[in-house]
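The residues making up each chain are set out below.
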Amino acid sequence: MKTQLVLLPASLAMLLAACTSDPFTGERRVTNTTGGALIGAGTGAVAGALIGSARGDTRAGALIGAGVGALAGGSIGVYMDRQEDQLRAQLRGTGVSVTRVGDNIILNMPSNVTFGVSQFDVQPQFNTTLRSVALVLQEFNQSLVDIVGHTDSTGTRAYNMQLSQQRATAVSRVLAQFGVDPRRFFVEGRGPDNPVADNATEAGRALNRRVEIRIVPLRAG
């Protein structure tokens with residue numbers, strides 16, 4: 001499965017305008033009321049692009065068929081609120097950021113705290129952090145988990161695509177070892193294709209080297 005990241009500048013600006021700063025962490029987050037209104041007004045395409053599972057994704061059907069209950073209506077926002085709060089509490093001080101976009105949650109794991117230079121094995125000291133993530137994901141099992149690897153633009157494209165896939169796969173394996181159902185996973189390496197900063201600077205390249213865990217509610221229908 002492959003997903004396509006589509007950025008719509010005007011809609012993104014609306015989402016950013018809806019953000020507030022978390023009083024405890026200083027992180028930016030989209031308020032549930034405003035975020036829900038934006039998505040209802042048509043910017044769901046943005047949240048879908050940021051998180052969106054590919055068309056034809058079979059995970060939801062498999063999980064529901066296995067007895068995992070799907071979410072519907074107003075229960076989705078409440079469920080994701082609780083999951084977000086627990087993730088923020090568990091990940092405070094770890095170097096992993098927690099960002100809320102509508103009903104979706106994005107965990108950004110910089111490579112400098114997750115992997116050695118040009119390595120794809122998760123550093124042993126980071127296993128504790130992933131265990132904390134796994135505990136929350138196990139408790140809140142009515143959600144899908146996209147694990148996406150990214151690199152900077154240094155080196156060949158082929159190398160970066162392979163490294164980003166290997167790193168995303170390594171994170172998924174650790175989460176599975178800690179008890180998260182792998183049927184919830186979508187794992188992909190996107191190499192240098194989706195930078196969040198300028199690759200012309202070392203600071204920018206450091207931001208681009210990351211693995212993102214994107215948590216999406218398991219919706220009914």
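Structure: above.
Reading the values: the criteria
All residue numbers refer to positions counted from 1 along the written sequence of the respective chain. In keeping with the model being predicted, local features are shown solely for residues with a pLDDT of at least 70 and side-chain atom pairs are shown and tallied solely at 80 or more, while totals for entire chains, interfaces and linings include all residues. Only hydrogens and water are set aside when side-chain values are computed; all heavy atoms of the structure are taken into account. Each helix is a run of H or I in the DSSP string that is no shorter than four residues. Each strand is a run of E no shorter than two, and both are numbered from the N terminus. Should any heavy atoms of two residues lie within 4.5 Å, those residues are counted as being in contact. Definition used in this section: a nonpolar core is a set of buried Ala, Val, Leu, Ile, Met, Phe, Trp, Tyr and Cys residues joined via side-chain atoms within 4.5 Å. Buried, partly exposed and exposed residues are distinguished by accessible area as a fraction of the type maximum, computed with a 1.4 Å probe on protein chains only: under 20%, between the cut-offs, and over 50%, respectively. Axis geometry follows a simple rule: fit a line to the C-alpha atoms, using only the stretch in contact for helices, then measure angles between N-to-C directions, giving values from 0 to 180 degrees. Crossing handedness is read from the near helix: turned anticlockwise from the far helix by less than a right angle, it gives a left-handed crossing, and turned clockwise, a right-handed one. In a helix, the anticipated span is given by 1.5 Å times the number of residues less one. Think of it this way: a Phe, Tyr or Trp ring, Trp meaning its six-membered ring, pairs with another when their centres are within 6.5 Å, and the plane angle makes it stacked under 30 degrees, edge-to-face over 60, tilted otherwise. Think of a salt bridge as a Lys or Arg side-chain nitrogen and an Asp or Glu carboxyl oxygen that are within 4 Å of each other. What makes two strands pair is DSSP finding at least two bridges between them. The path from the first strand over the helix to the second decides the hand: if it runs clockwise while the strands point away from the viewer, the crossover is right-handed.

(A) How the structure looks around the overall build of the chain. Per the secondary structure count, the chain includes 8 helices and 7 strands. When contacts within the chain are restricted to residue pairs at least 6 apart in sequence, those whose partners lie at least 24 apart make up 73%.

(B) Expanded view of the nonpolar core. One finds L107, L130, I147, V171, L175 and I213 to be the most contacted residues of the largest nonpolar core, which totals 33 residues. Of all the secondary-structure elements, those providing two or more residues to this core are α4 (75-91), β4 (104-110), α6 (127-139), β5 (143-150), α7 (157-177) and β7 (210-217). What I213 contacts, discounting residues up to four positions off in sequence, is I105, I106, L107, M109, V133, V145, D146, I147, V171 and L175. Ranked by size, the runner-up nonpolar core spans 5 residues in total, among them L63, V68, V216 and L218.

(C) Just unusual backbone geometry, in detail. You will see that S118, though not glycine, has its phi angle at about 60°, which is positive. Assignment of secondary structure puts S118 in the loop between α5 (111-114) and α6. Residue classification places S118 among the partly exposed positions, given a relative accessible area of 44%.

(D) Highlighting the packing of α6 against α7. At a minimum axis distance of 9 Å, the contact between α6 and α7 shows a crossing angle of 60°. As for the relative orientation of α6 and α7, their crossing is right-handed in sense. In this structure, α6 uses N127, L130, V133, A134 and L137 to contact α7, whose residues at the interface are V171, V174 and L175.

(E) Expanded view of α7. For α7, which comprises 21 residues, the first-to-last C-alpha distance of 30 Å matches the rise-based estimate of 30 Å (1.5 Å per residue) to within 8%. Residue G179 follows α7 closely and has a positive phi angle near 105°.

(F) Up close: the packing of aromatic side chains. Inspection of every chain in the model, using the stated rule, returns 1 aromatic pair. Measuring from centroid to centroid gives 5.3 Å for Y79 and F140, while their planes differ by 75°, and the two rings are edge-to-face. In this pair, Y79 sits in helix α4 while F140 sits in the loop between α6 and β5, placing the two residues 61 residues apart along the sequence.

(G) Quick peek at the pattern of salt bridges. Under the definition given, this model contains 14 salt bridges. Close ionic contact of D152 with R209 constitutes a salt bridge, the shortest N to O distance being 2.6 Å. Taken together, the residues span a long stretch of sequence, with D152 in the loop between β5 and α7 and R209 in the loop between α8 (202-208) and β7 at a distance of 57 residues. Take R209: its relative accessible area is 22%, and that puts it in the partly exposed class. The partner of E202 in a salt bridge is R209, with the nearest N and O atoms 3.1 Å apart. Each of D81, E84, R88 and R100 takes part in a single network of salt bridges with overlapping partners.

(H) Spatial organisation of the environment of F140. On the accessibility criterion, F140 (1% relative accessible area) is buried. As for F140 and Q86, which are separated by 54 residues in sequence, their C-alpha atoms are 9.9 Å apart. Apart from residues no more than four positions distant in its own chain, F140 is found in contact with Y79, R82, Q83, Q86 and R184.

(I) Focus on the pairing of strand β6 (residues 185-189). In terms of burial, β6 is a largely internal element, 4 of the 5 residues being buried. Where β5 lies against β6, 5 bridges are found, and the strand directions are parallel. Among the inter-strand pairings, D146 is bridged to a residue of β6, identified as F186. Since β5 and β6 lie parallel, the crossover through α7 that links them has a hand, and here it is right-handed.

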